[in-house]
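# Fold and contact review
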Amino acid sequence: MIASAVRLFAFAAAFAAAGISQAPAQEMDLREVMGFGPFFRSGSSGVSPVPRERVHFMGNYAPGTIVISTSERRLYLVGADGTALRYGIGVGRDGFRWAGTHRITAKKEWPSWTPPAQMLRRRPDLPRHMAGGEDNPLGARAMYLGSTLYRIHGSNEPETIGQAVSSGCFRMTNEDVKDLYERVRVGTKVVVKN
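In this text, all values refer to a predicted model and were calculated from it rather than measured experimentally.

This part takes up the pairing of strand β11 (residues 189-193). Pairing of strand β2 (residues 66-69) with β11 involves four bridges; the strand directions are parallel. In the strand pairing of β11, Val67 is matched with Val191. Relative to β11, strand β6 (residues 100-109) runs antiparallel, the two being bridged by four bridges. Across the sheet, Arg103 pairs through a bridge with Lys189, a residue of β11.

Pasting the structure below:
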């Protein structure tokens, strides 16, 4: 993150020395120029605008259960001591939120991504497949929920945490999704509440 800030400062200084406004240097994304739009962003996970923290948690859930509150835009990993680890998440935008109970059926590091047919109908400009890596919208880790198309996954857009922006998946910063990934296993119960 420090390296990115240094690069941004160097670019801004170069633009300033050339008499060019700094705003275009900070806002322009080459992929937008190339026609990909703002969907793809590369780079490090960044820092979540919603810090991970241990909180008191009331509820009748077994330790190790994941409880997602889409209205709060938070994910809770229930502990054994009346607390939970709370993470900030990005949730589905209007028309894409859902509720239910599933289990984690698979976990993948740096997963590849194939947009589902429904998404391709809405966004025909998307690639048909992307290999895993920093440019991939699933980020560093993904945990697949039952037989649904939905996942808890990383994101290379930390500014979307706490927002309603996805097509139904739950986004976390890459740093947070790596932390959660190490704490849960295949078979973990996931309760999604609106």
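Moving on, we get to the packing of aromatic side chains. The full count for this structure, using the stated rule, is four aromatic pairs. Aromatic side chains Trp98 and Tyr150 sit 4.9 Å apart centroid to centroid with 15° between the ring planes, which places their arrangement in the stacked category. Placement of Trp98 in the loop between β5 (91-92) and β6 and of Tyr150 in the loop between β7 (141-145) and β8 (151-153) is noted, with a sequence separation of 52 residues between them. By relative accessible area, Tyr150 is classed as partly exposed at 25%. Between Trp98 and Phe170, the ring centres sit 5.7 Å apart and the planes meet at 50°, which makes this aromatic pair tilted. Placement of the pair is Trp98 in the loop between β5 and β6 and Phe170 in strand β10 (residues 170-171), with a sequence separation of 72 residues.

Quick notes on the rules
Residues numbered from 1 in each chain as written. Predicted model: local features only at pLDDT ≥ 70, side-chain atom pairs only at ≥ 80, totals over all residues. Heavy atoms only, no water. Pairing = 2+ DSSP bridges. Helix = DSSP H or I, 4+ residues; strand = E, 2+ residues; numbered from the N terminus. Phe/Tyr/Trp six-rings, centres within 6.5 Å; stacked < 30°, edge-to-face > 60°. Buried < 20%, exposed > 50% of the residue type's maximum accessible area, 1.4 Å probe, protein only.

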